[in-house]
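Survey of secondary and tertiary structure
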Amino acid sequence: GVGLLAATSNPEAQTALHELYREPDRTADEKLSILAGVSAGEGIPAPAWKATFEQQIQADSEAAVREASVYALGSAIRKETDAAKRGELEGLLWREVRDARSEPAQLVVLDAIGNSGSGEYYSYLKEQSESASVRVRAKTAFAVRFLAAEQARPILERAKADPSA
């Protein structure tokens, strides 16, 4: 099933996983399961996922599927080895960062950034570490989990000194 396809780094398995997702009769629960596999799996997602992430994120789809697509996008960034493809995925997540106006949207974006492990978003993480929201500050500290220690240290030091986070 989904777990087996997601667990392999075989490009054909990753393509098959994408094809399963795109089947027209997929329920939201099935899509969530597949997106969880994309997030947790080891393989580099098939190139077709970029357009799918973009479509799901922009669509008026079920909120849970949209959020899972953002999380999977973050994971895809961390796994992508091709610099150009990674840059395209990072650009898609930057769009989400710019559009994240509400606290719930910021929390989703911070989880995706954490999944990405990309230093590309360091300035945003640093900014959010000073947020008025305790939840945003705490999520920001969690988001640095895959960053290089030098980048993560200032944000984590701020979090340790924050009595409310």
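Everything below is about the structure printed above this text.
Notes on the structure in this doc start here.

Procedures and definitions
Residues numbered from 1 in each chain as written. Predicted model: local features only at pLDDT ≥ 70, side-chain atom pairs only at ≥ 80, totals over all residues. Heavy atoms only, no water. Axes fitted to C-alpha atoms, helices over the stretch in contact; angles between N-to-C directions. Helix = DSSP H or I, 4+ residues; strand = E, 2+ residues; numbered from the N terminus. Parallel < 35°, antiparallel > 145°, perpendicular 65-115°, else oblique. Left-handed = near helix turned anticlockwise from the far one by under 90°. Contact = heavy atoms within 4.5 Å. Expected span 1.5 Å × (residues − 1). Buried < 20%, exposed > 50% of the residue type's maximum accessible area, 1.4 Å probe, protein only. Arc of directions from axis to C-beta. Phe/Tyr/Trp six-rings, centres within 6.5 Å; stacked < 30°, edge-to-face > 60°. Core = buried A, V, L, I, M, F, W, Y, C linked by side-chain atoms within 4.5 Å. Salt bridge = Lys/Arg side-chain N within 4 Å of Asp/Glu carboxyl O.

**Observations concerning the packing of helix α3 (residues 28-40) against helix α5 (residues 63-79)**
Relative placement of two packed helices is described by the angle separating their axes and the distance separating the axes. Between α3 and α5, the least distance of the axes is 8 Å, while the angle of their chain directions is 20°. Taken as axis vectors, α3 and α5 run roughly parallel relative to one another. Crossing geometry of α3 relative to α5 is assigned as left-handed. Residues A28, K31, L32, L35, V38, S39 and A40 of α3 form the contact with α5, whose own contacting residues are A64, V65, A68, S69, Y71, A72, S75, R78 and K79.

**Some details on helix α2 (residues 11-22)**
Taking 1.5 Å as the rise per residue, α2 with twelve residues should run 16 Å; its terminal C-alpha atoms sit 17 Å apart, in good agreement. Those residues of α2 that sit buried are A13, Q14, L17, H18 and Y21. For α2, the angular spread of buried residues about the axis comes to 145°, placing them on one side. Exposed side chains of α2 directed beyond 90 degrees from the buried face belong to E12 and E19. Looking at the packing, one finds that the buried side of α2 touches α1 (2-7), α3, α4 (49-58) and α5.

**Points about the packing of aromatic side chains**
Taken as a whole, this structure holds three aromatic pairs when the rule is applied. Here W49 and F53 contribute two aromatic rings whose centre-to-centre distance is 5.4 Å and whose plane-to-plane angle is 25°, an arrangement assigned as stacked. A residue pair is termed a helical-turn pair when its members lie 3 or 4 positions apart in one helix, as W49 and F53 do in helix α4 at four residues. Judged by relative accessible area, which is 0%, W49 ranks as buried. A residue is classified by how much of its surface remains accessible, and F53, at 1% relative accessible area, is buried. Between W94 and Y121 the ring centres are 4.9 Å apart and the planes differ by 45°, which places this aromatic pair in the tilted class. One end of the pair, W94, is in helix α6 (residues 83-99); the other, Y121, is in the loop between α7 (103-116) and α8 (122-128), and 27 residues separate them in sequence.

**As for the environment of I155**
On the secondary structure map, I155 appears in helix α10 (residues 149-161). Judged by its relative accessible area of 3%, I155 is buried. The spatial distance from the C-alpha of I155 to the C-alpha of V109 is 17 Å, given a sequence separation of 46 residues. Non-local contacts of I155, meaning those with residues more than four positions away in its chain, are made with Y122, L125, K126, S129, T140, A141 and V144.

**Focus: the nonpolar core**
Grouped together as the largest cluster of nonpolar side chains are 39 residues, with contacts concentrated most on L35, W49, F53, L73, L93, I113 and L125. At seven residues, α5 tops the list of elements feeding residues into this core. Each residue touching L93, except ones within four places of it in the same chain, is listed here: V70, L73, I77, A112, I113 and Y121.

**Quick look at the pattern of salt bridges**
By the definition in use, this model includes ten salt bridges. Of the charged contacts in the structure, one is a salt bridge between E54 and K50, with a shortest N-O distance of 3.6 Å. Taken as a pair, E54 and K50 lie in helix α4 at a separation of four residues, close to a single helical turn. The network of salt bridges with shared partners includes E23, R26 and E30.

This is a description of form; function is not addressed.
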